[in-house]
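# Notes for the structure review
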Amino acid sequence: MVANKTKKEYLLTQPNRVYYKEAVGAFVVFDVTRTNTFENTEKWKGDIDGKVDLSVDHKPIPMVLLANKVFILIPCVETEPNK
């Protein structure tokens, strides 16, 4: 267990094979207000790919990347007035 995490936090961040058992798809969610959560999505994808696959052809299960809290963001794309 990581020293700075409680047992509950550790269990929530380190799912095991039982958690993924018989999964046929996954949502990977990140918080747009916390950059590190987006950076961690690659780790989560790798973790899922390493622990579960489609039993028929052993390909990775399909995953969807979801951005949470997008309603909080200030528009980051500047628009130019029509010329």
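Notes on the structure in this doc start here. (Residues numbered from 1 in each chain as written. Predicted model: local features only at pLDDT ≥ 70, side-chain atom pairs only at ≥ 80, totals over all residues. Heavy atoms only, no water.)

Helix and strand counts for the protein chain stand at four helices and two strands. Walking the protein chain from its N terminus toward its C terminus, one meets helices and strands in the order α-α-β-α-α-β. Taking all 83 residues of the protein chain together, 13% fall into the buried category. A separation of at least 24 residues holds for 68% of the contacts in the protein chain among residues at least 6 apart in sequence. (Helix = DSSP H or I, 4+ residues; strand = E, 2+ residues; numbered from the N terminus. Buried < 20%, exposed > 50% of the residue type's maximum accessible area, 1.4 Å probe, protein only. Contact = heavy atoms within 4.5 Å.)

Our next topic: the side chain of T41. The residue T41 is located in helix α4 (residues 41–51) in this model. Classification of T41 by relative accessible area gives buried; the value is 11%. Not counting residues up to four positions away in its chain, the partners in contact with T41 are V28, F30 and L65.

Despite not being glycine, H58 has its phi angle at roughly 60°, a positive value. The backbone of K69 sits at a positive phi, close to 70°, despite the residue not being glycine. Tracing the chain through its elements places K69 in the segment after β2 (63–68).

This part takes up the packing of aromatic side chains. Throughout the structure, instances matching the rule amount to one aromatic pair. The ring of W44 carries K43 above its face, with NZ or CZ at 4.6 Å from the centroid. (Phe/Tyr/Trp six-rings, centres within 6.5 Å; stacked < 30°, edge-to-face > 60°. Lys NZ or Arg CZ within 6 Å of the ring centre and 35° of its normal.)

Turning next to the environment of L54. By the element assignment, L54 lies in the loop between α4 and β2. Note: C-alpha distance between L54 and G25 (29 residues apart in sequence) is 9.1 Å. Those residues in contact with L54 that sit more than four places away from it in its chain are V24, K59, P60, I61 and P62.

Time to look at a nonpolar patch on the surface. On the surface, F27, V29, V64 and L66 cluster together into a nonpolar patch covering about 370 Å² of accessible area. Going through the elements one at a time, β1 (26–31) and β2 are the ones with two or more residues in the nonpolar patch. Relative to the elements of secondary structure, F27 occurs in strand β1. (Patch = residues over 30% accessible without salt bridge, like charges linked within 9 Å, V, L, I, M, F, W, Y side chains within 5 Å. Areas by Shrake-Rupley, 256 points an atom, 1.4 Å probe, with all protein chains shown as cover. Salt bridge = Lys/Arg side-chain N within 4 Å of Asp/Glu carboxyl O.)

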